[in-house]
Amino acid sequence: MIIAIDGPAAAGKGTLARRLAEHFGLALLDTGLLYRAVGMNMVRGGADPNDPVLAEAAAKALTPKDLEAEDLRTDAAAAAASRVSAVPGVRAQLLEFQRNFAADPPGGAKGTVLDGRDIGTVVCPDADAKLFITATVEVRAERRFKELRERGLDAIHGRVLADMEERDARDRDRAVSPLEPAEDAYQLDTSDLDADQVFAAALGFIRSGNGQVS
Ligand code: DC
């Protein structure tokens, strides 16, 4: 059983993915972490994340242990991830990791929830349920701004919004695996919804729309 969740940054994918994984007893893979780890391995080693040859080599060398690094949730990691994720060779290297995880989930789980940008379209086109989670860029920037402030980090609202718009554009406009909904995805705009309402809507879709997940 595979649930694919895609959408732009700060739309609510991560929270929804966690809740669905808990509810159905499925293993969870935040695929953004793979790109973040590749990007940060490069930055730490002094390499330019825009260099396609070095980026592909970094993706090839990635180990599960790299996903435990503490700095993967930082803005620096997000920026590096956004660059390496546009490199076709990086995406090809990470595809196998993601498909293996989905085919053979750890801990004997009976299935997987994967969240990212191209899960329903490229990584798991045969997923049992596909969700595409969005929100306006203003709402997403506001959520990210509050989160940064709550973590005690200095943040400038206009800068957070500009970064979000820039990253959206890179994710949508890249030639390989751009951010776009799969044809059979359930699209949900979370701009005016809280986490409980998003979970309820997703659950309703999974139960009624597919009948394969119970
Ligand atoms: O979801 P996130 O913020 O952790 O993603 C970081 C970057 O990685 C983002 O710019 C998009 C990219 N990404 C991707 O291209 N494909 C995925 N399946 C997941 C993330």
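Numbering of residues starts from 1 in every chain and runs along the sequence as written. Local features in a predicted model are, by the rule used here, given only for residues with pLDDT of at least 70; side-chain atom pairs are given and counted only at 80 or more, and totals for whole chains, interfaces and linings are based on all residues. Only hydrogens and water are set aside; all other atoms, that is, all heavy atoms of the structure, feed into the side-chain values.

S.K.: Can you help me understand the overall build of the chain in this one?
M.R.: Counting its secondary structure elements, the chain contains 9 helices and 5 strands. Strands are runs of DSSP state E lasting at least 2 residues, helices are runs of H or I lasting at least 4, and numbering of each runs from the N terminus. Its helices and strands taken in sequence order, the chain reads β-α-β-α-α-α-α-β-α-β-α-α-β-α from the N to the C terminus. Taken over C-alpha atoms, the radius of gyration is set against a globule rule of 2.2 Å times the number of residues to the power 0.38. Scaling as 2.2 N^0.38, a compact globule of 214 residues should have a C-alpha radius of gyration of about 17 Å, and the chain matches this with 17 Å. Its C-alpha atoms give the chain principal-axis dimensions of about 50 × 40 × 30 Å. Out of the 214 residues in the chain, the part that is buried amounts to 47%. For this analysis, residues touch if any pair of their heavy atoms sits within 4.5 Å. Put simply, of all contacts in the chain between residues at least 6 apart along the chain, 79% involve residues at least 24 apart. For the chain, the accessible area works out to roughly 10400 Å², and carbon and sulfur atoms hold 51% of it. Counted as positive: Lys and Arg. Counted as negative: Asp and Glu, with His and the chain ends omitted from the count. Every charge is mapped onto a representative atom, which is NZ of Lys, CZ of Arg, CG of Asp or CD of Glu. If you average the places of the 26 positive and of the 35 negative side-chain charges in the chain, the two averages end up 2 Å apart. A simple rule labels every residue: compare its accessible area, found with a 1.4 Å probe on the protein chains alone, to the largest value its type can have, and call it buried under 20%, exposed over 50%, or partly exposed in between. To be clear on the numbers: accessible area is Shrake-Rupley with a 1.4 Å probe, and residue cover counts the displayed protein chains and nothing else.

S.K.: Hey, could you run me through the packing of aromatic side chains in this one?
M.R.: Geometrically, a pair of aromatic rings is defined through the distance of the ring centres and the angle of the planes. Here a Phe, Tyr or Trp ring, Trp counted by its six-membered ring, pairs with any other such ring whose centre lies within 6.5 Å, and the pair is stacked when the planes are under 30 degrees apart, edge-to-face when over 60, and tilted otherwise. Taken as a whole and assessed by the stated rule, the structure comprises 1 aromatic pair. Relative to Phe205, the ring of Tyr186 has its centre 4.7 Å away and its plane inclined at 5°; by these criteria the two rings are stacked. One end of the pair, Tyr186, is in strand β5 (residues 186–189); the other, Phe205, is in helix α9 (residues 195–210), and 19 residues separate them in sequence. The partly exposed category is assigned to Tyr186, whose relative accessible area is 25%. With relative accessibility at 16%, the residue Phe205 sits in the buried group.

S.K.: Can you help me understand the site of the ligand in this one?
M.R.: A cutoff of 4 Å decides nearness: a residue is near a molecule or strand if any of its heavy atoms lies inside that distance of it. Among the 13 residues in the neighbourhood of the ligand, the closest are listed as Thr31, Arg36, Arg91, Arg117 and Arg174. Taking Asp118, its side chain carries an N or O atom lying 3.0 Å from a nitrogen atom of the ligand. Compared with its free state, where it exposes 450 Å², the ligand has 94% of that area covered by protein. Where the shell around the ligand is concerned, the elements lending two or more residues are α2 (32–44) and α4 (75–84). The leading source of residues in the shell around the ligand is α2, at 3 residues. Identification of polar contacts relies on pairs of N or O atoms within 3.5 Å, with a donor-acceptor requirement for protein atoms, meaning one able to donate a hydrogen and the other able to accept it, and with residues adjacent in sequence counted only if both atoms are side-chain atoms.

S.K.: Hey, could you run me through the packing of helix α3 (residues 52–60) against helix α5 (residues 88–103) in this one?
M.R.: Relative orientation and spacing of two packed helices are given, respectively, by the angle between their axes and the distance between those axes. Their axes nearest at 8 Å, the elements α3 and α5 cross at an angle of 10°. One finds that α3 runs roughly parallel with respect to α5. Contacts from Ala55, Glu56, Ala59 and Lys60 of α3 reach α5 at Gly89, Val90, Gln93 and Leu94. When residues are sorted by character, Ala, Val, Leu, Ile, Met, Phe, Trp, Tyr, Cys and Pro go into the nonpolar class, Asp, Glu, Lys and Arg into the charged class, and all the rest, Gly among them, into the polar class. In the contact of α3 with α5, the residues fall into 4 nonpolar, 2 polar and 2 charged. In this analysis an axis means a line fitted to C-alpha atoms, helices contributing only their contacting stretch, and an angle means the value between N-to-C directions, from 0 to 180 degrees. By definition in this entry, angles of less than 35 degrees are roughly parallel, angles greater than 145 are roughly antiparallel, angles of 65 to 115 are roughly perpendicular, and the rest are oblique.

S.K.: Looking at this model, I keep getting lost on the nonpolar core. Mind explaining?
M.R.: For this analysis, a nonpolar core means a set of buried residues of the types Ala, Val, Leu, Ile, Met, Phe, Trp, Tyr and Cys, connected via side-chain atoms within 4.5 Å. Ile3, Ile5, Leu16, Leu20, Val113, Leu131 and Ile206 are the most contacted members of the largest nonpolar core, which totals 20 residues. Contributions of two or more residues to this core are made by β1 (2–6), α1 (13–24), β4 (129–134) and α9. In terms of residues, this core owes the most to one element, α9, which gives 6 residues. Core analysis: the next-biggest nonpolar cluster, separate from the first, contains 19 residues, Leu33, Ala55, Leu67 and Ala77 among them.

S.K.: I'm lost on helix α7 (residues 137–150) in this one. Help?
M.R.: For the α-helix, the turn length of 3.6 residues means that residues three or four positions removed from each other point alike. Between its terminal C-alpha atoms α7 stretches 20 Å, which fits the 20 Å expected from 14 residues at 1.5 Å a residue. Lining the buried residues of α7 we find α4 and α8 (157–173). At the exit of α7 stands Gly152, carrying a positive phi of roughly 80°. Take the residue count of a helix, subtract one, and multiply by 1.5 Å to get its expected span.

Remember that the coordinates give geometry; whether it matters functionally is a separate question.
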